[in-house]
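Structural description and commentary
Listed below, chain by chain, are the residues.
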Amino acid sequence: MKLTLIVGARPNFIKIAPIIHAINHANSKSQNIQYRLVHTGQHYDSTMSDTFFKELNIPEPDINLGCGGGTQAEQTAAIMIAFEKELMTNPSDLVLVVGDVTSTMACSIVAKKLNTKVAHVEAGIRSYDLTMPEEINRMVTDCLADYFFTTTRWANNNLKNNGVDESRIFFVGNVMIDTLLTNRSRFKKSDLWDKFALKDKSYLLITLHRPANVDEGNKLKIHIEEIVTNVHGLPVIFPIHPRTEKIFNELGINYPNLKITTPLSYLEFNYLVERAKAVITDSGGITEETTVMGVPCFTLRDNTERPETIEMGTNELMGTDPSAIKPALEKLFAGKWKKGTIPELWDGRSAERIVKNLTDIFKR
Ligand code: UDP
């Protein structure tokens, strides 16, 4: 079996790592799965790309298509043009895409037009919010894919409701949690710990990068101010996504307890998540990681494609109105945040299930 594995952006690297390790493991047990790792170049900054390859032991990509930057359409088009050449030169039995970034959608379209099968990992989740580019990426990818690997039974139902036959849906759990559980004992204390005199459960961590939260400077400013002024002076660590950095720097926000840093490596970031009093974010993947680590999580969005992190986990939707932040922080400081449980099959073995299913499919 010959696979093409696609990665493009930060969350993709975290999701592909356990799949590659599971393939290597299967090969060591007499399977013969060949793969070619294609990096579209969507994220190219070393803090958003290279560091993940090193820390998570992901092999060097076989090719980097160098398609960083541009508008949504420019980037989609650039990836499609470059990936079409790549797949024509190096045909495979199946293109495997993960998550919901532009690369996920663009490579799925190219693969199907070249009559190549597509497998989507993290299929079927939906925010039903078409203002999010990721929702469009998910919908298009799930219209085209042949095989669907899901993180929850809810995702299975969404796919079935869209007419996908049950035989093509595989509920395997969450590969992002595979990476988390494999690496939890390797989480690394960064220099920030001493630099900012951090103590267990005595600081908060923020990440924000969705257009709805960061494209409008004034809104971003009010959100940050509402957080830093309602945490009783505790340090608030903010590793800034490159998308957020430009606008943030123009705002002139300056509070003694607001600690700005570059995006952190996976092991350093999750060391901070595990010990934080709470995480405030608009990332999807982080709501899954906080759920598994039992860390209170506030999501600054009006909706989520991961409802299990709210129904079962430690996550709560705050909406995008900053007035919701203060009452939520009061609840946190009063010790009244919910505890949460871990969703079914988020057990560290999802990639192994994916590889097993793929080998069974190709045996047929
Ligand atoms: N992450 C990281 N360093 C950071 C911020 C996030 O390693 O400074 C990791 C985080 O643990 C999670 C992933 O990046 O695994 C989430 O990526 P992102 O928020 O970009 O994507 P989303 O989950 O929103 O698709």
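Everything here concerns the structure above.
Residues numbered from 1 in each chain as written. Predicted model: local features only at pLDDT ≥ 70, side-chain atom pairs only at ≥ 80, totals over all residues. Heavy atoms only, no water.

The parallel open sheet is built from 7 strands, whose spatial order is β3-β2-β1-β4-β5-β6-β7. The open sheet has two edge strands with one neighbour each: β3 (63-64) and β7 (169-171). Relative to strand β4 (residues 94-98), strand β1 (residues 2-7) runs parallel, the two being bridged by 3 bridges. Note that in β4 the partner of Thr4 across the bridge is Val95. Its contacts with the sheet put helix α4 (residues 102-113) on β1, β4 and β5 (117-121), and the angle it makes with β4 is roughly 165°. Of the strands in this sheet, β6 (147-150) and β7 touch helix α6 (residues 153-161), which is tilted by about 170° from β7. (Pairing = 2+ DSSP bridges. Helix = DSSP H or I, 4+ residues; strand = E, 2+ residues; numbered from the N terminus. Contact = heavy atoms within 4.5 Å. Axes fitted to C-alpha atoms, helices over the stretch in contact; angles between N-to-C directions.)

Let's shift gears to the site of the ligand. Lining the immediate surroundings of the ligand are 19 residues, of which Arg210, Leu264, Ser283, Gly285 and Glu289 lie closest. Within the contact set of the ligand, an oxygen atom lies 3.0 Å away from a side-chain nitrogen or oxygen of Arg10. Arg210 is positioned with one of its side-chain polar atoms (N or O) 2.5 Å from an oxygen atom of the ligand. Here the ligand, which alone exposes 550 Å², has 98% of that area covered by the protein. In this structure the site holding the ligand corresponds to the largest pocket. Looking at the shell around the ligand, the elements that each hand over two or more residues are α1 (10-28), α12 (266-275) and α13 (284-293). Among the elements that line the shell around the ligand, the one with the most residues is α13, at 4 residues. Looking at the shell around the ligand residue by residue, the classes come out as 10 nonpolar, 6 polar and 3 charged. (Near = heavy atom within 4 Å. Polar contact = N/O pair within 3.5 Å; in protein donor to acceptor, adjacent residues only side chain to side chain. Areas by Shrake-Rupley, 256 points an atom, 1.4 Å probe, with all protein chains shown as cover. 1 Å grid on protein atoms, 1.4 Å probe; cavity = no way out; pocket = protein on both sides within 12 Å on 5 of 7 lines; lining within 4 Å. Sits in = over half its atoms within 2 Å of the grid points. Nonpolar A, V, L, I, M, F, W, Y, C, P; charged D, E, K, R; others polar.)

Looking now at the nonpolar core. Formed by 58 residues in total, the largest nonpolar core has its most connected members in Ile16, Ile19, Ile58, Leu96, Phe149, Leu272 and Ile354. Per-element accounting of this core gives the leading share, 9 residues, to α1. In this structure Leu96 touches Thr4, Leu5, Ile6, Ile16, Ile19, Ala119, Val121, Ile354 and Leu358, once residues within four positions along its chain are discounted. Of all hydrophobic cores here, the second largest spans 28 residues; its members include Val214, Val236, Phe238 and Leu329. (Core = buried A, V, L, I, M, F, W, Y, C linked by side-chain atoms within 4.5 Å. Buried < 20%, exposed > 50% of the residue type's maximum accessible area, 1.4 Å probe, protein only.)

Our focus in this paragraph is the side chain of Asp129. In this fold, Asp129 is placed in the loop between β5 and α5 (133-144). Buried and without a salt bridge, Asp129 has Arg301 as its closest oppositely charged side chain, separated by 5.9 Å. In terms of polar contacts, Asp129 uses its side chain to reach the side chain of Thr131, at 2.5 Å. A distance of 3.0 Å separates the side chain of Asp129 from the side chain of Asn303, its partner in a polar contact. (Lys, Arg positive; Asp, Glu negative; His and termini not counted. Salt bridge = Lys/Arg side-chain N within 4 Å of Asp/Glu carboxyl O.)

What follows covers unusual backbone geometry. Positioned with a positive phi, Tyr128 is a non-glycine residue whose angle comes to about 60°. The topology assignment puts Tyr128 in the loop between β5 and α5. By relative accessible area, Tyr128 is classed as exposed at 60%.

As a further point, take the sheet that holds strand β13 (residues 315-317). The pairing of strands in a sheet comes from backbone hydrogen bonds and takes either a parallel or an antiparallel form. Spatially, 6 strands are ordered β10-β9-β8-β11-β12-β13 in an open sheet, and the strand pairing comes out parallel. Only two strands of the sheet have a single partner each, and these edge strands are β10 (258-261) and β13. Neighbour-to-neighbour, the strand axes of this sheet turn through a mean angle of 20°, independent of strand direction. Note that strand β12 (residues 297-299) and β13 share 3 bridges and pair parallel.

Before going further, it helps to spend a moment on the side chain of Thr290. On the secondary structure map, Thr290 appears in helix α13. Leave out the neighbours within four places in its chain, and Thr290 touches Val273, Val279, Val295, Cys297 and Thr314.

On to the pattern of salt bridges. A complete count under the given rule lists 23 salt bridges for this structure. With its nearest N and O atoms 2.6 Å apart, the salt bridge here joins Glu86 to Arg36. Here Glu86, found in helix α3 (residues 72-89), pairs with Arg36, found in strand β2 (residues 34-39); they are 50 residues apart in sequence, far enough to count as distant. In this structure Glu86 comes out as buried when scored by relative accessible area, which is 6%. Note that Glu122 and Arg306 form a salt bridge whose closest N and O atoms lie 3.3 Å from each other. Of the two residues, Glu122 is situated in the loop between β5 and α5 and Arg306 in the loop between β12 and α14 (308-311); the sequence distance between them amounts to 184 residues. Note on accessibility: Glu122 and Arg306 belong to one class, buried. Here the residues in one salt-bridge network are Lys15, Asp100, Glu122, Glu135, Arg138, Glu288, Arg301, Glu305 and Arg306, joined through shared partners.

Looking now at α1. Over its 19 residues, α1 runs 28 Å from end to end, which matches the ideal 27 Å to within 8%, given 1.5 Å per residue. Along its length, α1 shows its largest kink, about 25°, at Ile16, and proline Pro18 lies within four residues downstream of that point. Those residues of α1 that fall on the buried side of the exposure criterion are Asn12, Phe13, Ile14, Lys15, Ile16, Ala17, Pro18, Ile19, Ile20, Ala22, Ile23 and Ala26. Ser30 sits one or two residues past α1 and shows a positive phi near 85°. (Expected span 1.5 Å × (residues − 1). Bend = angle between axes of the 7 residues up to and from the residue.)

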